[in-house]
Amino acid sequence: QEGGAVSATTEKTKEDYQKVYNAIAEGLDKEGYDDGSLAPVVLRLAWHSSGTYDKETKTGGSNYATMRFPAEGGHGANAGLIVARDYMETIKKQFPWISYGDLWTLGGVVAVQETGGPTIPWRPGRIDGFEINQTPDGRLPDASQGAKHIRDIFYRMGFNDRDIVALSGAHALGRGHTDRSGYDGPWTFSPVSFSNSFYDLLLNDAWQWRKWKGPAQYEDKKTKSLMMLPTDMALITDPKFKPIVQEYAKDEEAFFRDFAKAFGTMIELGVPVEQFKTKEPWNMDTA
Ligand code: ZEM
């Protein structure tokens, strides 16, 4: 810039975004909240803000961060994500120049990397959209359904069976909440560590329907403290999904590699390529 003047339009560098990354990471630990970390719900925000993409109409996805608006924010699937959006708002106050789409997707990267997961390629360039850019309700998956439904939803985004199984491993993190989705409990014994244990438990534990007043879900026979959604169980009853679950249960490295690629793609859905500020995505450092 001429004369070294610093203006509001100064291009941000990778170091600037690394500062945002570090700020998100710093506040994730929260004593008394769930399992002690906001990482799972922050990851879920990144996923729900991206997973509305429709490749046919090229609508939805992470570009416009339309969950900020009451209609989309109020979609049943987004119940509880206000916790993550409120947390992100505290980061936005420190770095007002970042777009919400960049902020929320970067949050997903932080959540995965800071809980021990793989490095997720990420780059900035999303812009804040308007209410008109909101997507209709029903674009995110319904946990009460089966393999056909999951394929319909994820094929619509442009993913294949391998991507579906890899992305589902995110359920290593977090839990269901009765006051959000209605489902209850964590998938794994370490819900704030990113690992392949979702696949191992799904495949090797004995599961039974839980007898309770809530929505139909599975519980592990042994401890009755873990859960699986009907859509999770479809990953081992479907003959095409199951071998991929078996592979990831045995080979965490393969899961990490495939998850990083699929999730890196997911958080760019709906963003016109010319909008990105770099040709190649970055690897952000862990904090
Ligand atoms: Zn989830 N997910 N998800 N998911 N998810 C929940 C929680 C979390 C489905 C689903 O219905 C639910 C992906 C795919 C799918 C996370 C990440 C990712 C919950 C519980 C439900 C019901 C919500 C609650 O009550 O708080 C379905 C049907 C999916 C596909 C078939 C993908 C892909 C994800 C990321 C890549 C995460 C991290 C959570 C935990 C949230 C938390 O607050 O603990």
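Residues numbered from 1 in each chain as written. Predicted model: local features only at pLDDT ≥ 70, side-chain atom pairs only at ≥ 80, totals over all residues. Heavy atoms only, no water.

1. Details of the sheet that holds strand β5 (residues 227–228)
Taking strand neighbours across the sheet as the criterion, the three strands line up as β3-β4-β5 in an open arrangement whose pairing is antiparallel. Each edge of the open sheet carries a strand with a single partner, namely β3 (207–209) and β5. (Pairing = 2+ DSSP bridges. Helix = DSSP H or I, 4+ residues; strand = E, 2+ residues; numbered from the N terminus.)

2. Considering the coordination of the zinc atom of the ligand
Each pair of donors in an ideal four-coordinate tetrahedral metal site encloses 109.5 degrees, whereas pairs in an ideal six-coordinate octahedral site enclose 90 or 180 degrees. Coordination of the zinc atom of the ligand by the protein involves just one donor, His171 (NE2), at a distance of 2.2 Å. Relative to the assigned elements, His171 resides in the loop between α7 (161–168) and β1 (175–176). (Donors = N, O, S within 2.8 Å, 3.2 Å for Na, K, Ca; no water.)

3. Considering the domain arrangement of the protein
Where the parts come together, the accessible area they lose is often given as the size of the interface. Here the domain parsing of the protein yields domain 1 (10–139 + 263–275) and domain 2 (147–260). Each side of the interface is counted separately: domain 1 has 32 residues, and domain 2 has 21 residues. Carbon and sulfur atoms make up 64% of the surface buried where domain 1 meets domain 2, a total of about 2100 Å² over both sides. Of all residues in domain 1, the largest losses of buried area upon contact with domain 2 belong to Asp35, Thr115 and Pro118, amounting jointly to 24% of the total for that side. On inspection of domain 1 and its partner domain 2, the count reaches one salt bridge. Taking the shortest distance from any N to any O, the salt bridge between Arg175 and Asp35 comes out at 2.9 Å. (Domains from an automatic or database assignment. Contact = heavy atoms within 4.5 Å. Buried area = accessible area lost by both parts, 1.4 Å probe. Salt bridge = Lys/Arg side-chain N within 4 Å of Asp/Glu carboxyl O.)

4. Observations concerning helix α8 (residues 197–204)
Since the α-helix turns once every 3.6 residues, residues separated by three or four places project in the same direction. When we look at burial in α8, the residues that qualify are Ser197, Phe198, Tyr199, Leu201 and Leu202. Those residues of α8 hidden inside the fold are in contact with α7, β3, β5, α9 (230–237), α10 (242–250) and α11 (252–266). (Buried < 20%, exposed > 50% of the residue type's maximum accessible area, 1.4 Å probe, protein only.)

5. Section: the nonpolar core
Core analysis: the biggest nonpolar cluster contains 85 residues, and Ile24, Phe154 and Phe263 have the highest contact counts within it. Both domains that furnish three or more residues to this core are identified here as domain 1 (10–139 + 263–275) and domain 2 (147–260). Ignoring sequence-local partners within four residues, the contact set of Phe263 consists of Leu43, Ala46, Gly108, Val109, Val112, Ile120 and Leu167. (Core = buried A, V, L, I, M, F, W, Y, C linked by side-chain atoms within 4.5 Å.)

6. Re the site of the ligand
The local shell around the ligand holds 24 residues, among which Trp47, His171, Arg175, His177 and Ser181 are the closest. At 3.1 Å from a nitrogen atom of the ligand is found a side-chain nitrogen or oxygen belonging to Trp47. Separating a nitrogen atom of the ligand from a side-chain N or O atom of His171 is a distance of 3.0 Å. Secondary structure elements with two or more residues in the shell around the ligand: α2 (39–50), α6 (147–157) and β1. The element contributing the most residues to the shell around the ligand is α2, with five residues. Grouping the constituent residues of the shell around the ligand by class yields 15 nonpolar, six polar and three charged. For the shell around the ligand, the two domains that each supply at least three residues are domain 1 (10–139 + 263–275) and domain 2 (147–260). (Near = heavy atom within 4 Å. Polar contact = N/O pair within 3.5 Å; in protein donor to acceptor, adjacent residues only side chain to side chain. Nonpolar A, V, L, I, M, F, W, Y, C, P; charged D, E, K, R; others polar.)

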